[in-house]
Amino acid sequence: ADLTDAKFHNADLSRSKLNGSILRRTDLKDSDLSEADLNIADLTGANLVGTKLAGSNLDRIKLHQAKLTRAKLSGAKMTKAKLTQVDLTQADLSGANLTGAELNEANLEGADLSRSNLTEAILVDANLKNTYLTGANVQKADLQGVNLENADMAGVKLKKSNLQHISIEAFGTA
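Residues numbered from 1 in each chain as written. Predicted model: local features only at pLDDT ≥ 70, side-chain atom pairs only at ≥ 80, totals over all residues. Heavy atoms only, no water.

(A) Looking closely at the overall build of the protein chain. The helix and strand inventory of the protein chain stands at zero helices and zero strands. In terms of overall size, the protein chain behaves like a compact globule, its C-alpha atoms giving a radius of gyration of 15 Å where 174 residues would be expected to give roughly 16 Å. For the C-alpha atoms alone, the extent of the protein chain along its principal axes is close to 45 × 25 × 20 Å. Every one of the 174 residues in the protein chain was classed for burial, and the buried ones make up 46%. Accessible surface, the protein chain: about 7,900 Å² in total, of which carbon and sulfur atoms supply 45%. For the protein chain, the distance from the average position of its 21 positive side-chain charges to the average position of its 22 negative side-chain charges is 5 Å. (Helix = DSSP H or I, 4+ residues; strand = E, 2+ residues; numbered from the N terminus. Rg over C-alpha atoms; globule rule 2.2 N^0.38 Å. Buried < 20%, exposed > 50% of the residue type's maximum accessible area, 1.4 Å probe, protein only. Areas by Shrake-Rupley, 256 points an atom, 1.4 Å probe, with all protein chains shown as cover. Lys, Arg positive; Asp, Glu negative; His and termini not counted. Charge placed at Lys NZ, Arg CZ, Asp CG, Glu CD.)

This is the structure in structure tokens:
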């Protein structure tokens, strides 16, 4: 389905089957998409501020330049998702599976990535300032140029990750 530029503000779309749908620039602000299937969907430039996506299937989703400020993505499946230049400020990604996801130039400031799986994720030039990465798996990830200022990195697994040119000013574990 092509739902480009559609308005679904505050909509209840929980458990919806939207896999492969085109939702470019769609307004889904404060909507409930919990446990929805958005596998391979295209949400480029979409407004998902405050949207609930907990437990959703977002594998291979395209979210280039989407706004996901304060979005609830805990436990979401996001393997090989395209999240370049996305705004995930203060988003809850705890326990999310982001294996192989592309998060180049993403803004994750203040986001909760605790217990998330970022194995082989690409986060070149991403902003992870003030993020919670407690217990996250970030092995084999590309973190080149990432800002980790004041990030909580307790228990993070970084084996074989690219850490060139990262900023770790005031790097902490509390």
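(B) Inspection of the side chain of Ser 116 at higher detail. You can call Ser 116 buried: its relative accessible area is 2%. Separated by 2.5 Å, the side chain of Ser 116 and the backbone oxygen of Leu 113 make a polar contact. In this view, Ser 116 contacts Leu 93, Gly 95, Ala 96, Ala 136 and Asn 137; residues no more than four positions away in its chain are not counted. (Polar contact = N/O pair within 3.5 Å; in protein donor to acceptor, adjacent residues only side chain to side chain. Contact = heavy atoms within 4.5 Å.)

(C) Structural context of unusual backbone geometry. Within the chain, Glu 105 stands out as a residue other than glycine whose phi angle is a positive 60 degrees. We classify Glu 105 as partly exposed; its relative accessible area is 46%. With a phi close to 60 degrees, Asn 150 is a non-glycine residue in the positive phi region.

(D) Broad picture of the pattern of salt bridges. The tally for this structure, following the rule as stated, stands at five salt bridges. Here Glu 35 makes a salt bridge to Arg 15, at a shortest N to O gap of 3.4 Å. Asp 42 is the partner of Arg 24 in a salt bridge, and the nearest nitrogen-oxygen pair spans 2.7 Å. (Salt bridge = Lys/Arg side-chain N within 4 Å of Asp/Glu carboxyl O.)

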